[in-house]
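Each chain, letter by letter, is given below.
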Amino acid sequence: MKTSIDYKFKKPLLFIIIFVVIIYNFLPSQLSLIIPDSIFLFLLFRSMYQPDKNYTIYTIIIGLLMDTYHHTLFGTHILKYLMIKQPAYYTQKYLKQCSVLIHIIIMFLILSGSSLITHSLIYIIQGNKICPNIFLSPLFNTLIWFFLVTKNNNISLKRKNVNHIKNIQDTNRQ
Amino acid sequence: MEKNYDLTAVFKPRYITFFKKIIPIFLTLILMLADHHSKQLNSVRLILGTATKPLYHFFLIPRNTLSLMNNHSRSKASLKKYVQDLKIKNLELNALAIREKYLFKETNQLRKLLKLRQHLPILTTSVTVISDFQSEHLRKIMIDHGRQHGMIIGAPVITKNGLLGQITNIHASKSEVTLITHNAATIPIENLRTGTRAILKGRAPFSDTEILYQPVSSKMEVGDKLVTSGLDQYYPAGLPVAEITYVEKNSRNAITKILAKPTVPINKVDFALVIQPITPRLTKISKKQIKNKHNAYTRKATDYSNIAK
């Protein structure tokens, strides 16, 4: 039986998603702070639901492309994308079982932590001041994540509850 | 006592996976430092930018299609009105230009009489803003002219409202403009009311600027207009830059805190003008003058030698 966790992308579909996601990120906008980073979300999704797959090379290529396009320091986007991989990997098992609110809070912490570390490094290297708005983008990313994933998360939670009730019933019968 | 060190412990799978996770982050950090400290990676950026240019244009197809559709959806009447307004504006500007030409000629003649340096005419190139990266740690825009079009680093960029920034990086067919609000941007300015000269500095991530090192006795006030002083030989004198919005005079501090808002609405720029900086043209002139002088001296020397003979 397929669960919500078993997301499997076929290769052509994966490339189409990457393509659409990059197009979205390439759209020049005046509101760059409040427009969610789709690549960020896509990579987060992959690291959460397909943790066994190694996508470091994809991350590096996309990050380099974004750095060239945005004229930021080489490595800024790569670092930002790599920084979400580890926390997402280590918390994925817990996140799939916890309540929606805790799930969202942890996701916000992961996203804002990654953003804060990257901006702090840029501050150390370049001396650019850290803007108080840097948490706006993670906030919007978390909101989008909420709409994307919570439904599936609820399904998994329900399934878990059903299994838990069945177990209790079995033990009672015995 | 001899200790037996188990070297195989280092190559355990869990250590290998740990290093696999850490190494890309370290490499990225090294890349960031290298990009900041050496200029060699600029050429890599240039090559990568040129190589991915078709890809970039391909990615922009949806946006360009949308904007094209938006342009087509404009009604005929609104377009007619827009053209009429432009024609009226053009007439006004023409009248101003004639007047400006006359004044320019007059001031240059006066300067000649007073044996002062001549004002050079401002040479401009019109450009279009192709992308805008005003993220939290970046205050830059891209224009559609690059090395192919004769752009040079340091050239000031203006709009109809005043100074926008300066070209800081050039690619083959596009250039990077650092805005005046970038915290690395410094502009020598002059207060129009008092004539005080000072240095204006960007305050990124904030969207305003700050006047540096003004004493408590400074006579700058809220509402004063600031223009370029032209002392740096890059920005021509008299370009509107900003307007003072905040003055904090504290007797405890030796320096007054003065904030100024740029006259150009930085988030809403579509077209701009690139001014050719004065310094390269001045150096060209001085070289020419030196050459002429040298020729005159050699001529004189040959004349004297002929007389002596």
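Higher on the page you've got the structure.
Just so it is clear, the structure is predicted and the values come from calculations on it, not from any experiment.

Caption draft 1: The overall build of chain B, seen in detail. From N to C terminus, chain B includes six helices and twelve strands. Roughly 20,800 Å² of accessible area belongs to chain B as shown, and the carbon and sulfur atoms make up 61% of that amount.

Caption draft 2: Seen up close, the packing of helix H4 (residues 76-95) of chain A against helix H5 (residues 100-126) of chain A. All names here are of chain A. Between H4 and H5, whose axes approach to 9 Å, the crossing angle comes to 155°. If you check the angle between H4 and H5, you find them roughly antiparallel. Here H4 and H5 pass one another in a crossing that is right-handed. Mapping the contact onto sequence places Thr76, Leu79, Lys80, Met83, Ile84, Pro87, Ala88, Thr91, Tyr94 and Leu95 in H4 and Ile102, His103, Ile106, Met107, Ile110, Leu111, Ser114, Ile117, Thr118, Leu121 and Ile122 in H5. The residue inventory of the contact of H4 with H5, partitioned by class, reads 15 nonpolar, five polar and one charged.

Caption draft 3: Region of the structure containing helix H2 (residues 40-51) of chain B. Residue and element names in this part refer to chain B. Compared with an ideal rise of 1.5 Å per residue, which puts twelve residues at 16 Å, H2 spans 17 Å between its outermost C-alpha atoms and is within 8% of the ideal. Within the sequence span of H2, burial applies to Leu41, Arg45 and Gly49. In an axial view of H2, the angular spread of the buried residues amounts to 85°, which keeps them on one side of the axis. Residues Gln40, Ile47 and Ala51 are exposed on H2 and point more than 90 degrees away from its buried face.

Caption draft 4: Structural context of the packing of aromatic side chains. For the structure shown, the criterion picks out zero aromatic pairs over all chains. We note B:Arg45 situated over the ring of A:Phe74; from NZ or CZ to the ring centre the distance is 4.3 Å.

Caption draft 5: Geometry of unusual backbone geometry. Residues and elements named next belong to chain B. Here the phi dihedral of Tyr213 falls at roughly 50°; this positive angle occurs in a residue that is not glycine. For Tyr213, the location among the structural elements is in strand E8 (residues 209-215). The exposed category is assigned to Tyr213, whose relative accessible area is 60%.

Cut-off values and rules
- Counting restarts for each chain, with residues numbered from 1 along the sequence as it is written.
- Chain letters start at A and ligand numbers start at 1, both assigned in the order the entries are written.
- Side-chain atom pairs in this predicted model are given and counted only at pLDDT of 80 or more, local residue features only at pLDDT of at least 70, and totals for whole chains, interfaces and linings cover all residues.
- Side-chain metrics rest on all non-hydrogen atoms present in the structure, leaving aside hydrogens and water.
- Only DSSP runs of H or I reaching four residues or more are called helices, and only runs of E reaching two or more are called strands; each is numbered from the N terminus.
- Residue burial considers only the protein chains on display, and all accessible areas are found by Shrake-Rupley using a 1.4 Å probe.
- Lines fitted to C-alpha atoms define the axes, with helix axes restricted to the stretch in contact, and inter-axis angles between N-to-C directions lie between 0 and 180 degrees.
- Each angle is binned into one of four classes, with values under 35 degrees roughly parallel, values over 145 roughly antiparallel, values of 65 to 115 roughly perpendicular, and all other values oblique.
- By convention, the crossing between two helices is left-handed when the near helix turns anticlockwise from the far helix through less than a right angle, and right-handed when the turn is clockwise.
- The contact definition used throughout considers only heavy atoms, calling two residues in contact when any of these lie within 4.5 Å.
- Just so you know the grouping, Ala, Val, Leu, Ile, Met, Phe, Trp, Tyr, Cys and Pro go in nonpolar, Asp, Glu, Lys and Arg go in charged, and all remaining residues, Gly too, go in polar.
- For a helix, the expected span equals 1.5 Å multiplied by the number of residues minus one.
- Buried, partly exposed and exposed residues are distinguished by accessible area as a fraction of the type maximum, computed with a 1.4 Å probe on protein chains only: under 20%, between the cut-offs, and over 50%, respectively.
- What the arc measures is the spread of directions leading from the helix axis to the C-beta atoms.
- Within 6.5 Å between ring centres, the rings of Phe, Tyr and Trp (the latter by its six-membered ring) count as paired, and their orientation is classed by plane angle as stacked under 30 degrees, edge-to-face over 60, tilted in between.
- In this scheme, the term charge over a ring applies when either NZ of a lysine or CZ of an arginine sits within 6 Å of the ring centre and within 35 degrees of the ring normal.

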